[in-house]
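If you want the building blocks of each chain, they are given just below.
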Amino acid sequence: MTVQLLHLSDLHFGGLADLDQIESLEQMLPDLRPDAVVVTGDLSQRARHGEFQRARALVQTAARTAPVLVIPGNHDVAWWLRPLIPFAKEPLYAKYARYFGADLTPTLALPGAILASALTSHGVAWGSLTPQVRDLAVKGHLPKREFARVRGLFEAAPREQARVLVLHHNVLRGDISKRMGLARWRQAQRRIVASGAEVVLCGHDHQEGAELLGGRVVVSTAGTLCKRTRGGRPSTFNFVTIEPTAVHITYFRWDAESRRFRASDTYAFARAGKGASSGPAPAPPPAQPVPADTTSHS
Ligand SMILES: [Fe+2]
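Here the residue numbers are simple positions, counted from 1 along each chain's written sequence. Whole-chain, interface and lining totals are the exception, using all residues; otherwise, since this is a predicted model, local features are given only for residues with pLDDT of at least 70 and side-chain atom pairs are given and counted only at 80 or more. Each side-chain value is derived from all of the structure's non-hydrogen atoms; neither hydrogens nor water enter the calculation.

Peer 1: So what exactly am I meant to see when it comes to the pairing of strand 7 (residues 199–202) here?
Peer 2: Here is the key point about a regular strand: its side chains alternate between the two faces of the sheet. Burial along strand 7 is two-sided: Val 199 and Leu 201 and Val 200 and Cys 202, pointing in opposite directions, are all buried. We call two strands paired when DSSP finds no fewer than two bridges between them. Strands here mean DSSP runs of E at least two residues long; helices mean DSSP runs of H or I at least four residues long; both are numbered from the N terminus. Relative to strand 7, strand 6 (residues 162–166) is paired through 3 bridges, and the arrangement is parallel. Considered in strand 7, the bridge of Val 166 is made with Leu 201. Assessed by its sense of winding, the connection that carries the chain from strand 6 through helix 5 (residues 185–194) to strand 7 is right-handed. Of the pairings in the sheet, the one linking strand 7 to strand 9 (residues 217–221) comprises 4 bridges and is parallel in character. In the sheet register, Val 200 faces strand 9, and the bridge partner there is Val 219. Residue exposure (1.4 Å probe, protein chains only): buried if accessible area is under 20% of the type maximum, exposed if over 50%, otherwise partly exposed. Crossovers are marked right-handed if the path from the first strand over the helix to the second runs clockwise, as seen with the strands pointing away from the viewer.

Shown next as structure tokens:
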């Protein structure tokens, strides 16, 4: 069974959102015929009501075509409330929850896949701290309890369902940013591989990616639809097709001239243990040289 996932991230409604792109996406969405739409966080810029309200309108539009799974990103968390207090974190997510529901780690079961999400956006939390001041409330972390919960969901799922892990922060280093989204990233990567995930959907870095983690987990990193792209590159979203023996990730890139998204590069990966070979096939084209971007906030 083939499963098709439309993977969006980092919409950043507010001053940075590109409404031409959002409206174009809303228009073309039914023609893409996704089985589910996944938004991997940062729907807002500053966790404001108006930003969440426009994001909710997009989610409602998408929901007319397919079920939608939404998770919060670091920008959707009122991180300035209760910094470093480990308990009673509800106020941090109250505004987000008002528009997208109290479940911060929703699960979606499709006939061919189970999508389980993990919360990595914890505001100013001990687990997300690094020695860098600029990382404050930007980096995320994958707590042990989140890993254990997701692993339990994957273990209990029927064999024929592909295991898809949804989280906000990029789990691989950004090409341009050179940054990991998660603090204690080696531990997080080990946990992701050990969870049984076959595909990871993440964002946060504002640069698209299609790579393998640990030689077996296919990672789709969606770019942003806002004006703050890495290196001034065109905005993108990803379309992920999970087939019985392979996973394909296609970037849809914004074409400013025609004012629409167009399918561009596709990357293909054999599913670990499901085909004769593993690893990406064919090899991705070499990265284009791009200007460096020193922006630290994703
Ligand atoms: Fe983010």
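Alright, that's what it looks like, and here's the rest.
Peer 1: Help me out: how do you make sense of the pattern of salt bridges in this one?
Peer 2: For side chains of opposite charge, pairing can occur when their charged atoms come near one another. Any Lys or Arg side-chain nitrogen located within 4 Å of an Asp or Glu carboxyl oxygen qualifies as a salt bridge. Per the stated rule, a full pass over the model turns up 10 salt bridges. In this structure, the salt-bridge partner of Glu 208 is Arg 233, at a minimum N-O distance of 2.5 Å. Taken together, the residues span a long stretch of sequence, with Glu 208 in the loop between strand 7 and strand 8 (209–213) and Arg 233 in the loop between strand 9 and strand 10 (236–242) at a distance of 25 residues. For Glu 208, a relative accessible area of 8% translates into the label buried. Here the salt bridges share partners, and the residues they tie into one network are Glu 208, Arg 233, Arg 253 and Asp 265.

Peer 1: Whenever I open this one, the sheet that holds strand 9 confuses me. Can you help?
Peer 2: Strand order across the open sheet formed by 6 strands is 4-5-6-7-9-8, with mixed pairing between neighbours. The sheet is open, and its two borders are formed by strand 4 (107–110) and strand 8, each paired with just one other strand. With strand direction ignored, the average angle separating the axes of adjacent strands in the sheet is 20°. Across 4 bridges, strand 4 lies against strand 5 (residues 113–117) in antiparallel orientation. Residue pairing for strand 5: Leu 108 is matched across the bridge by Leu 115. Any two residues whose heavy atoms approach within 4.5 Å at even a single point are treated as in contact. Only the stretch in contact is used when fitting a helix axis, every axis being a line fitted to C-alpha atoms; angles between N-to-C directions are given from 0 to 180 degrees. Packing of helix 4 (residues 144–156) onto the sheet brings it into contact with strand 4, strand 5 and strand 6, and relative to strand 5 it is tilted by some 170°.

Peer 1: Looking at this model, I keep getting lost on the side chain of His 122. Mind explaining?
Peer 2: With respect to the helices, strands and loops of the structure, His 122 is situated in the loop between strand 5 and helix 4. In protein, a polar contact requires one atom able to donate a hydrogen and another able to accept it; more generally it is a pair of N or O atoms within 3.5 Å, and residues adjacent in sequence count only if both atoms are side-chain atoms. In this structure the side chain of His 122 is engaged in a polar contact, spanning 2.9 Å, whose partner is the backbone oxygen of Leu 119. Among the polar contacts listed, one links the side chain of His 122 to the backbone oxygen of His 141, at a separation of 3.1 Å. The residues touching His 122, leaving out its near neighbours within four places in the chain, are Lys 89, Leu 92, Tyr 93, Ser 128, His 141, Pro 143 and Arg 145.

Peer 1: Would you explain the coordination of the iron ion in this entry?
Peer 2: Reference geometry at the metal: tetrahedral coordination by four donors gives ideal angles of 109.5 degrees; octahedral coordination by six donors gives 90 or 180 degrees. Any nitrogen, oxygen or sulfur atom within 2.8 Å of a metal ion counts as a donor, with the limit raised to 3.2 Å for Na, K and Ca, and since water is left out, coordination shells can look unfinished. The iron ion binds to the protein through Asp 42 (OD), Asn 74 (OD1), His 168 (NE2) and His 204 (ND1), with metal-donor distances spanning 2.1 to 2.2 Å. Every angle between 85 and 135 degrees makes a four-donor site tetrahedral, while opposite donors more than 155 degrees apart, with all other angles between 65 and 115, make a four-donor site square planar and a six-donor site octahedral; other sites are irregular. Coordination at the iron ion comes from 4 donor atoms whose angles at the metal span 85 to 164°, giving a geometry best classed as irregular. Mapped onto the sequence, the donors of the iron ion take the spacing D-x31-N-x93-H-x35-H. With a gap of 36 residues between them, His 168 in the loop between strand 6 and helix 5 and His 204 in the loop between strand 7 and strand 8 connect regions that are remote in the sequence. Each of the two residues, His 168 as well as His 204, counts as buried.

Peer 1: How do you make sense of the packing of helix 2 (residues 49–63) against helix 3 (residues 90–100) when you look at a structure like this?
Peer 2: When two helices pack together, their arrangement is captured by the angle between the axes and the distance separating the axes. At a minimum axis separation of 9 Å, helix 2 and helix 3 run at an interaxial angle of 30°. For the element pair helix 2 / helix 3, the angle class is roughly parallel. Taken as a pair, helix 2 and helix 3 cross one another with a handedness that is right-handed. Here helix 2 contributes His 49, Phe 52, Gln 53, Ala 55, Arg 56 and Val 59 to the contact with helix 3, which in turn contributes Lys 95, Tyr 96, Arg 98, Tyr 99 and Phe 100. Grouping the constituent residues of the contact of helix 2 with helix 3 by class yields 6 nonpolar, 2 polar and 3 charged. Reported orientations rely on four angle classes, namely roughly parallel under 35 degrees, roughly antiparallel over 145, roughly perpendicular from 65 to 115, and oblique for the rest. We call a crossing left-handed when the near helix sits turned anticlockwise from the far one by less than a right angle, and right-handed when that turn is clockwise. Residue polarity follows a fixed list, in which Ala, Val, Leu, Ile, Met, Phe, Trp, Tyr, Cys and Pro are nonpolar, Asp, Glu, Lys and Arg are charged, and the others, Gly among them, are polar.

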